[in-house]
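Understanding the architecture of this molecule
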Amino acid sequence: MHKVVINVIIDFDGILSVPNDAMPISGVYKQPVITKLKRREIVVMAGIDDMSSSGYSFDEVQSIAENIKSHTKIQPKIGIVCGSGLGDLANHVTNSDTICYSQIPKFPVSTVPGHDGKLVFGLLGGKPVVLMRGRIHYYEGHPMWRVAVPVRIMKALGITTVILTNAAGGLNPEYKTGDIMIIKDHIDLPGLTGECVLIGKNDERFGPRFPATVNTYDQSLQDLAKTIAEKLGYAKILRQGTYVMVGGPTFETVAESRLLRLFGADAVGMSTVPEAIVARHCGLRVFGISLITDMCPQDYNVSRATTHEEVLLVGERRAKDLQKLVTSLVEQMND
Ligand SMILES: O=P(O)(O)O[C@H]1O[C@H](CO)[C@@H](O)[C@H]1O
């Protein structure tokens, strides 16, 4: 999304033109003339995105969902988004139907290693689910709405709960690589700086213009997950904390990690928050879980570079534990 404030030339007759090299920079213009023109025309002339664009319309989302329904008989009640290196969860789905994102008209495609780009329908813990084996990230160049539109599509498929999983860097000094963090709250850093996923026209059929985001993460699901994790013997690696989203794709500098910690975040990643917001906006119950795949450097003396390969490796190592936790959660949650 670009702020469309452009330099225009207005001649004596009030005729407006946009220079060929028009850039999205601030300019001074005569308000009375500008208001005669539709903003969309100016935007089109300047060749930049329409700032009112908020993505696929309600009808488009329904028709994408209808197309998907024609590929499977499973009617999912729970949607699961698999984070980096966590796609193996899909291997535990029985009676499965798999559809590649690229087969579905208008479905965004993921380009990140560790994100296969497949929708897997089937039974997990005896319940009908749909898993997104691979998610869409903002840093891939997608506008924010597109990052989260799969959540709207899953809602149109009939889900009532979404489970968001991710790989994240640990900021809380008490955390360790391999820990599992139940998300209790988030900080939408892109949102706070003007890139909230809900910016643009609002269609009330999706949800309200000004949605509340307190209690985004369902308390009873957090409690249930905690109980299950303790029974599974994960007490020592179990955390509950705040996830902060950054745009990425750079991993944090020491100074950035310190700043995010000062904000009160326990873990940092480049996803999840837009999906959680869109899910709450359309009335879904949300549960989020982070696998701490690396510790963010907060000391220049011990700073070492995080890599995506390392993130995927830790994901692989903890895959079984997360799979057990998520499967039991799905099995035991009420619909
Ligand atoms: O959030 P998920 O998709 O798990 O991926 C995390 O892992 C990648 C970095 O290694 C980033 O995309 C970060 O957000």
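Residues numbered from 1 in each chain as written. Predicted model: local features only at pLDDT ≥ 70, side-chain atom pairs only at ≥ 80, totals over all residues. Heavy atoms only, no water.

A few points about helix α3 (residues 58-69)
Its 12 residues place the ends of α3 17 Å apart at the C-alpha level, agreeing with the 16 Å of an ideal helix rising 1.5 Å per residue. Residues of α3 that are buried: F58, V61, I64, A65 and I68. Mapping the buried residues of α3 onto a view down its axis gives an arc of 125°, with all of them on the same face. Those residues of α3 that are buried are in contact with β4 (94-100), β5 (118-124) and α4 (144-157). (Helix = DSSP H or I, 4+ residues; strand = E, 2+ residues; numbered from the N terminus. Expected span 1.5 Å × (residues − 1). Buried < 20%, exposed > 50% of the residue type's maximum accessible area, 1.4 Å probe, protein only. Arc of directions from axis to C-beta. Contact = heavy atoms within 4.5 Å.)

Focus: the UniProt feature "domain: Nucleoside phosphorylase" (unreviewed entry) in the protein chain
Mapped onto this numbering, the UniProt entry gives "domain: Nucleoside phosphorylase" (unreviewed entry) at residues 77-331. Secondary structure content for residues 77-331 is 30% helix and 26% strand, and the end C-alpha separation is 12 Å. (UniProt positions renumbered as here; feature names shortened; annotations may be inferred.)

What to know about the confidence of the model for the protein chain
Of all residues in the protein chain, 84% attain a pLDDT of 70 or more, and the chain-wide mean is 87. Contacts of residues 1-52 to residues separated by more than four positions or lying in other chains number 66 contacts, the stretch itself having pLDDT below 50. Across the interface, the model reports ipTM at 0.99; the global pTM reads 0.86. (pLDDT = per-residue confidence, 0-100.)

Things to note about the state of the cysteines
What we call a disulfide is simply a covalent bond connecting the sulfur atoms of a pair of cysteines. Per the stated rule, a full pass over the model turns up zero disulfides. In this structure C82 is not part of a disulfide, and its nearest cysteine sulfur, from C100, lies 14 Å away. Residue C282 stays outside any disulfide, its sulfur separated by 14 Å from that of C196, the closest cysteine. The exposure class assigned to C282 is buried, which follows from its relative accessible area of 9%. (Disulfide = S-S within 2.5 Å.)

Things to note about the site of the ligand
Taken together, 13 residues lie around the ligand, and S84, H137, Y139, S271 and H308 are the ones closest in. Between the ligand and S84, the relevant distance is 2.7 Å, taken from an oxygen atom to a side-chain nitrogen or oxygen of the residue. Between the ligand and H308, the relevant distance is 2.6 Å, taken from an oxygen atom to a side-chain nitrogen or oxygen of the residue. Contact with the protein chains hides 96% of the accessible area of the ligand, taken as 350 Å² for the molecule alone. (Near = heavy atom within 4 Å. Polar contact = N/O pair within 3.5 Å; in protein donor to acceptor, adjacent residues only side chain to side chain. Areas by Shrake-Rupley, 256 points an atom, 1.4 Å probe, with all protein chains shown as cover.)

A look at the packing of α4 against helix α8 (residues 273-281)
The contact between α4 and α8 brings their axes to 8 Å, and the two run at 50°. One finds that α4 runs oblique with respect to α8. Every pair of crossing elements has a handedness; the one defined by α4 and α8 is right-handed. When α4 is examined against α8, the residues M144, V147, A148, V151 and R152 are found in contact with a partner set consisting of P274, E275, V278, A279 and H281. Partitioning the contact of α4 with α8 into residue classes produces seven nonpolar, one polar and two charged. (Axes fitted to C-alpha atoms, helices over the stretch in contact; angles between N-to-C directions. Parallel < 35°, antiparallel > 145°, perpendicular 65-115°, else oblique. Left-handed = near helix turned anticlockwise from the far one by under 90°. Nonpolar A, V, L, I, M, F, W, Y, C, P; charged D, E, K, R; others polar.)

Thoughts on the pairing of β5
Consecutive residues of a regular strand have side chains that alternate between opposite faces of the sheet. The buried count for β5 comes to five of seven residues, which makes it a mostly enclosed element. Sheet topology places β4 next to β5; five bridges connect them, and they run antiparallel. Across the sheet, residue C100 finds its bridge partner in β5, namely K118. Two elements, β5 and strand β6 (residues 127-133), share seven bridges in a ladder whose sense is antiparallel. Among the inter-strand pairings, F121 is bridged to a residue of β6, identified as V130. In this structure, the hairpin formed by β5 and β6 is closed by a connection of two residues, where G125 is found at a positive phi of approximately 55°. (Pairing = 2+ DSSP bridges.)

Observations concerning the nonpolar core
Ranked by size, the top nonpolar core spans 49 residues in total, and within it I68, F107, L119, F121, I153 and V162 carry the most contacts. Apart from the residues within four sequence positions on either side, I153 is in contact with V61, I64, A65, I68 and F107. Among the nonpolar cores identified, the runner-up in size contains 32 residues, and V93, I182, L221 and L322 belong to it. (Core = buried A, V, L, I, M, F, W, Y, C linked by side-chain atoms within 4.5 Å.)

What to know about empty space enclosed by the protein
If you walk through the whole model with that rule in mind, you get one cavity of 30 Å³ or more. The volume enclosed by the largest cavity comes to roughly 70 Å³. Taken together, L86, D88, L89, T165, A319, L322, Q323 and V326 make up the full set of residues lining the largest cavity. It is helix α9 (residues 308-332) that provides the largest number of residues to the lining of the largest cavity, a total of four residues. Split into classes, the residues belonging to the lining of the largest cavity amount to five nonpolar, two polar and one charged. (1 Å grid on protein atoms, 1.4 Å probe; cavity = no way out; pocket = protein on both sides within 12 Å on 5 of 7 lines; lining within 4 Å. Points joined across faces, edges and corners; volume = space filled by probe spheres on them.)

So, the side chain of K127
Note on placement: K127 falls in strand β6. At a separation of 3.0 Å, a polar atom in the side chain of K127 contacts the main-chain carbonyl oxygen of E331. A polar side-chain atom of K127 sits 2.7 Å from the main-chain carbonyl oxygen of M333. Sequence-distant contacts of K127, that is, excluding residues within four places in its chain, are made with I78, G122, V330, E331, Q332, M333 and D335.

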